[in-house]
Amino acid sequence: MIAIDDLHFGYGRDALYQGFSAQVRQPGIYGLFGRNGSGKSTLLKLLCGLLTPWAGRMQVMGHVPRQRAADFLASICIVPEEFHLPNLTTAQLADTQGVFYPRFSKALFGAYLDELEVPTASRFEAMSLGQKKKAAIAFALATGTPLLLMDEPTNGLDIVGRGQFRRLVQRPEHAERAVLISTHQAHDLESVLSHIWFIDQGQLALSARMADLAGVLRTGVANSAADLPAQEGLLYQERIGQQIAYVALRSRGDAPTAVEHTVQLELLYKAMSLNRDSMLAALAPWQQDAVAQEPA
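I will try to describe carefully the structure that is included in this document. (Residues numbered from 1 in each chain as written. Predicted model: local features only at pLDDT ≥ 70, side-chain atom pairs only at ≥ 80, totals over all residues. Heavy atoms only, no water.)

A word on the pattern of salt bridges. In total, this model carries eight salt bridges according to the counting rule given. Linking Arg-209 and Asp-212 is a salt bridge whose minimum nitrogen-to-oxygen distance equals 3.0 Å. The class of Arg-209 is partly exposed, set by a relative accessible area of 40%. Each of Asp-200, Arg-276 and Asp-277 takes part in salt bridges that share partners, so that together they form one network. (Salt bridge = Lys/Arg side-chain N within 4 Å of Asp/Glu carboxyl O. Buried < 20%, exposed > 50% of the residue type's maximum accessible area, 1.4 Å probe, protein only.)

Right, let's get into the nonpolar core. Counting residues in each nonpolar core, the largest one holds 61 residues, and the members touching the most others are Phe-109, Leu-217, Leu-265, Leu-268 and Met-279. With residues up to four places along the chain from it excluded, the contact list for Phe-109 reads Thr-90, Leu-93, Ala-94, Phe-104, Ala-135, Ala-138, Phe-139 and Ala-142. Among the nonpolar cores identified, the runner-up in size contains 27 residues, and Phe-20, Leu-43, Leu-149 and Leu-180 belong to it. (Core = buried A, V, L, I, M, F, W, Y, C linked by side-chain atoms within 4.5 Å. Contact = heavy atoms within 4.5 Å.)

Turning to the packing of aromatic side chains, a few remarks are in order. Enumeration over the complete set of coordinates arrives at 10 aromatic pairs. Look at Phe-9 and Trp-54: their rings are 6.2 Å apart centre to centre, the planes differ by 45°, and that puts the pair in the tilted class. Taken together, the residues span a long stretch of sequence, with Phe-9 in strand β1 (residues 2-11) and Trp-54 in the loop between α1 (40-47) and β4 (55-60) at a distance of 45 residues. Taking 6.1 Å as the distance between ring centres and 70° as the angle between the ring planes, the aromatic pair formed by Tyr-30 and Trp-197 counts as edge-to-face. Of this pair, Tyr-30 sits in strand β3 (residues 28-33) while Trp-197 sits in strand β8 (residues 195-200), placing them 167 residues apart in sequence. Classification of Trp-197 by relative accessible area gives buried; the value is 2%. One aromatic cluster is present, built from ring pairs that chain together Tyr-101, Phe-104, Phe-109 and Phe-139. (Phe/Tyr/Trp six-rings, centres within 6.5 Å; stacked < 30°, edge-to-face > 60°. Helix = DSSP H or I, 4+ residues; strand = E, 2+ residues; numbered from the N terminus.)

Put simply, the second largest pocket is a space of about 560 Å³. As for the second largest pocket, its lining consists of 22 residues, and the residues nearest its centre are Cys-77, Ile-78, Gln-97, Tyr-101 and Phe-139. For the lining of the second largest pocket, the secondary structure elements donating two or more residues are α2 (70-73), β5 (76-79), α3 (90-97) and α5 (129-142). Split into classes, the residues belonging to the lining of the second largest pocket amount to 19 nonpolar, two polar and one charged. (1 Å grid on protein atoms, 1.4 Å probe; cavity = no way out; pocket = protein on both sides within 12 Å on 5 of 7 lines; lining within 4 Å. Points joined across faces, edges and corners; volume = space filled by probe spheres on them. Nonpolar A, V, L, I, M, F, W, Y, C, P; charged D, E, K, R; others polar.)

Spatial ordering of the open sheet is given by β5-β6-β7-β3-β8-β9, a layout of six strands whose pairing is mixed. A strand with exactly one partner marks an edge of an open sheet, and here the two such strands are β5 and β9 (203-209). The average undirected angle you get between the axes of adjacent strands in this sheet is 15°. In this sheet, strand β7 (residues 178-182) lies alongside β3 in parallel orientation, the contact comprising five bridges. Within β7, the residue paired with Leu-32 across the bridge is Ser-182. Here α5 sits on the sheet in contact with β5 and β6 (147-151), set at roughly 165° to β6. The sheet strands contacting helix α9 (residues 265-274) are β3, β8 and β9, and the helix crosses β8 at an angle near 25°. (Pairing = 2+ DSSP bridges. Axes fitted to C-alpha atoms, helices over the stretch in contact; angles between N-to-C directions.)

As a further point, take the packing of helix α4 (residues 106-116) against helix α6 (residues 159-169). Between two packed helices, the angle of one axis relative to the other and the distance separating the axes together describe the packing. With their axes 9 Å apart at the nearest point, α4 and α6 run at an angle of 150° to one another. Taken together, the axes of α4 and α6 lie roughly antiparallel to each other. As for the relative orientation of α4 and α6, their crossing is right-handed in sense. Where α4 abuts α6, its residues Tyr-112, Glu-115 and Leu-116 lie against Gln-164, Phe-165, Arg-167 and Leu-168. Of the residues in the contact of α4 with α6, the class split is four nonpolar, one polar and two charged. (Parallel < 35°, antiparallel > 145°, perpendicular 65-115°, else oblique. Left-handed = near helix turned anticlockwise from the far one by under 90°.)

Turning our eyes to something else, we now look at α5. The first and last C-alpha atoms of α5 sit 20 Å apart over 14 residues, in line with the 20 Å expected at 1.5 Å per residue. Buried residues dominate α5, accounting for 11 of its 14 residues. Along α5, the residues that are buried comprise Gly-130, Lys-133, Lys-134, Ala-135, Ala-136, Ile-137, Ala-138, Phe-139, Ala-140, Leu-141 and Ala-142. The inward-facing, buried residues of α5 contact β5, α3, α4, β6 and α6. Gly-144 lies just past α5 and shows a positive phi near 70°. (Expected span 1.5 Å × (residues − 1).)

Judged by pairing direction, the sheet is antiparallel, and its three strands sit side by side in the order β10-β12-β11 without closing on themselves. The outermost strands of the open sheet, each flanked by one partner alone, are β10 (217-222) and β11 (234-240). This sheet shows a mean twist of 15° between the axes of neighbouring strands, independent of strand direction. Two elements, β10 and strand β12 (residues 243-249), share six bridges in a ladder whose sense is antiparallel. In the strand pairing of β12, Ala-222 is matched with Ile-244.

These figures come from the coordinates and say nothing about function on their own.
Right under this line is the structure:
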């Protein structure tokens, strides 16, 4: 679905990506993480053909994105972090824009708007920022495109809206889509992500299935230093009041419990950002095994 090989790109004379490579071979919800300025939004724009790579190869849904072929544009949809909606009603948006997407469903669009509690009788000019964001999300989900890109989709949504978003992206009609979500809201999305990408220093530092990570890493909170995992497996720790949050490698035979079915992404994000080299060194043998077992 996505093949990126030796990508080089930057702004002006400043290189952002230097030899970046990544692949999406199967449907799923991919979380795209990295510190400010790591190039997450830029990558989404490159994938949909809004920017031109300096060098390297990019193929998305069998197309070169920058060529912006009609078939390609009909198979991909992006929700940018900052956007402008024409002063229409949601019904007018569906009539004027839905025709560009062969799989667009007015019925699903209406169902998503209802779930997100968007006032469909109002024009966008009369809506709040959060309501507009919900309308854009509902439209993008209703396009039915095989590839969906979202940049910080939960920004501007309240707590209820974030829960509504999580329910929508997990609906069965999206099971065969690849959804790439760039976000800093790790806790909001950790329960829905199937894969995680962590971008650092112009490279894909970590690419993993969430289920696999849960089998390799333990994340949690200890009441005291005596309750922490063994020091040789401890990769990151931080004090939270009287307790200590941590990330540690699982020991052999230490299978995750039902409560530990997923890693705490906020802790993983901090560990990758603040203790990058130790994290990558600890995960390197596992990543090599995972790549070797991955289907072509």
